[in-house]
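Each chain is listed here by its residues.
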Amino acid sequence: SRLLAECLVRAVDGKARIDNVLRRTEDTESQTYHDKKTRLANLKNAFALAPGAAITPAQHYVIVDDVFTTGSTLNSCARVLRRAGCMNLDVITFGHG
C-alpha cells in the first residue's frame, strides 16, 4: 500500500504527504478465506494510531489499500481515524476481490 500511495502522489502533483498514522496492533490471520462476519471480528482492535501520530481534524486523509473485498480492513482503519478526530477521509483501492 505504501508503494501504491507513493505512485499516486507522483501521478497527481507530488505535493501530498505520506504519513504512517496507523499501525497494526494485532497480527491477524489472512482474511482471504473468511466471510464478512468473521473478517470483522478478526480485525477488531487490529489497528491503532501509530506512536506519535496526531490527527488534525481539518486535514484531508486518504487510506490506500491494495484490494477491496468486504471493506473490513478499510472500515477498521477508518474507525480508528474517526475516533481520533479525523473529519475528512477518503479511501482508494486498486483491486476488488
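Our subject is the structure listed above.
Residues numbered from 1 in each chain as written. Predicted model: local features only at pLDDT ≥ 70, side-chain atom pairs only at ≥ 80, totals over all residues. Heavy atoms only, no water.

**Q** I tried to follow the overall build of the protein on my own but got confused; where do I start?
**A** The helix and strand inventory of the protein stands at three helices and four strands. Helices and strands appear in the protein in the N-to-C order α-β-α-β-β-α-β. Here the protein, with 97 residues, has 27% of them falling under the buried criterion. Contacts in the protein between residues at least 24 apart in sequence constitute 66% of all its contacts with a sequence separation of at least 6. (Helix = DSSP H or I, 4+ residues; strand = E, 2+ residues; numbered from the N terminus. Buried < 20%, exposed > 50% of the residue type's maximum accessible area, 1.4 Å probe, protein only. Contact = heavy atoms within 4.5 Å.)

**Q** Looking at this structure, I do not really get the pattern of salt bridges. What am I missing?
**A** Where charged atoms from two side chains of opposite charge come close, those side chains can pair. Evaluated as defined, the whole model comprises two salt bridges. Of the charged contacts in the structure, one is a salt bridge between Glu6 and Arg2, with a shortest N-O distance of 3.1 Å. Of the two residues, Glu6 and Arg2 are both situated in helix α1 (residues 2-12); the distance of four residues between them amounts to about one turn of the helix. Among the residues examined, Arg2 registers a relative accessible area of 39% and is labelled partly exposed. Across the pair Asp19 and Arg17 runs a salt bridge whose closest N-O atoms are separated by 2.7 Å. (Salt bridge = Lys/Arg side-chain N within 4 Å of Asp/Glu carboxyl O.)

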